[in-house]
Amino acid sequence: VSPEDARKMRETGLHLMRRVLAVLQIFAVSQFGCAAGQVPRSLWQKDQASKDYSPLIRKLELAVERVRQLAVRQQREEHALGSPDLQDIPSGGRDELTLAVRKELTIALRDLMAHGLCASSQGMSLVLAPIACLIPAFTSTPQAMHPWELFVKYYNAKNGQAFVESPARKLSQSFALPVTGGAAVTPKQSLLTAIHTVLAEHDPFKRSADSELKALVCLALNEQRLVSWVNLICKSGALVQSHYQPWSYMANTGFEGALNLLSRLSNLKFHLPVDLAVRQLKNIKDAF
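The structure presented is a predicted model; accordingly, all values stated were derived computationally and were not measured.

Draft legend 1. Structural detail: the pattern of salt bridges. Enumeration over the complete set of coordinates arrives at 11 salt bridges. Across the pair Arg58 and Glu61 runs a salt bridge, and its minimum N-O distance is 3.4 Å. Here Glu61 and Arg58 lie together in helix H4 (residues 54-81), a separation of three residues that amounts to about one turn. A relative accessible area of 45% places Arg58 in the partly exposed class. Accessibility expressed as a relative area gives 25% for Glu61, which makes it partly exposed.

Draft legend 2. Seen up close, a nonpolar patch on the surface. A grouping of Val20, Leu21 and Leu24 is seen on the molecular surface, where their side chains present a nonpolar patch of about 280 Å² in accessible area. Tracing the backbone shows Leu21 in helix H1 (residues 3-32). Classification of Leu21 as exposed rests on a relative accessible area of 53%.

Draft legend 3. Inspection of the packing of aromatic side chains at higher detail. Within the structure shown, the criterion is met by three aromatic pairs. Ring centres 4.7 Å apart and planes at 65° place the aromatic pair Tyr53 and Tyr249 in the edge-to-face group. Pair noted here: Tyr53 is in the loop between helix H3 (48-51) and H4 and Tyr249 is in helix H14 (residues 249-253), with a separation of 196 residues, a long-range link. Among the residues examined, Tyr249 registers a relative accessible area of 3% and is labelled buried. Relative to Phe255, the ring of Tyr249 lies with its centre 5.4 Å away and its plane at 70°, an arrangement referred to as edge-to-face. Grouping aromatic residues by their ring pairs yields a cluster made of Tyr53, Tyr249 and Phe255.

Parameters at a glance
- Residues numbered from 1 in each chain as written.
- Predicted model: local features only at pLDDT ≥ 70, side-chain atom pairs only at ≥ 80, totals over all residues.
- Heavy atoms only, no water.
- Salt bridge = Lys/Arg side-chain N within 4 Å of Asp/Glu carboxyl O.
- Helix = DSSP H or I, 4+ residues; strand = E, 2+ residues; numbered from the N terminus.
- Buried < 20%, exposed > 50% of the residue type's maximum accessible area, 1.4 Å probe, protein only.
- Patch = residues over 30% accessible without salt bridge, like charges linked within 9 Å, V, L, I, M, F, W, Y side chains within 5 Å.
- Areas by Shrake-Rupley, 256 points an atom, 1.4 Å probe, with all protein chains shown as cover.
- Phe/Tyr/Trp six-rings, centres within 6.5 Å; stacked < 30°, edge-to-face > 60°.

In short, shape yes, function no, at least from these values alone.
Here's what the structure looks like:
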């Protein structure tokens, strides 16, 4: 075709494209109620109130201080008795410390880790943003996710079951021998073993995610590894990018402030029950 005919064809095509886009815009506004070029607010962020994590930090700080005071008091009682035997410690003090860890510290840690946590991240290409209101899947509210599921996903991603159930580890457990040949157990290895222990004890009795997270926190305090275990989750880029909103505390700060708070408990010794949520159920099962 001649240059003049090609120019006319381009102009005609552009005119038709403009008309089609105008019709689509009118249809979107009339049927879905979102203006052209506007991305639904729920897609990218929550309201400003839910983005403020300072109350959650304060809640964790109070819980850490409460647990620290109770643990220090218990250690003084142990020292005064002159025996590390837990049977000699007044049961009231142990129960108070256990309740503080399970109902205050774990809940505060859970709420802070849950800030901006969802089953899958809401990342979306800018190419799709103008027509987001036409795609119901993108406009739905992100599904909430429990922080315990992060630990389970980490366990699965690192092939935790294969690691824990390897023949070498099973043999070492049977004869109480160190599987690493005397080498120090890494935080990753200890975390995978701890998650496996919690799953093995709690899943058969259908315990809740809260109960399993409480058991893991108790186990972490007993082994003085709470900071290192939580830090492994925070440093797992795949988990953070896949499950945290950009405005979340985890994505913004890397959880550093919370880890500093938790480090106040690192030098304290704990003897917390790990199977508290399933102990009675196990006793009933053993009775039959």
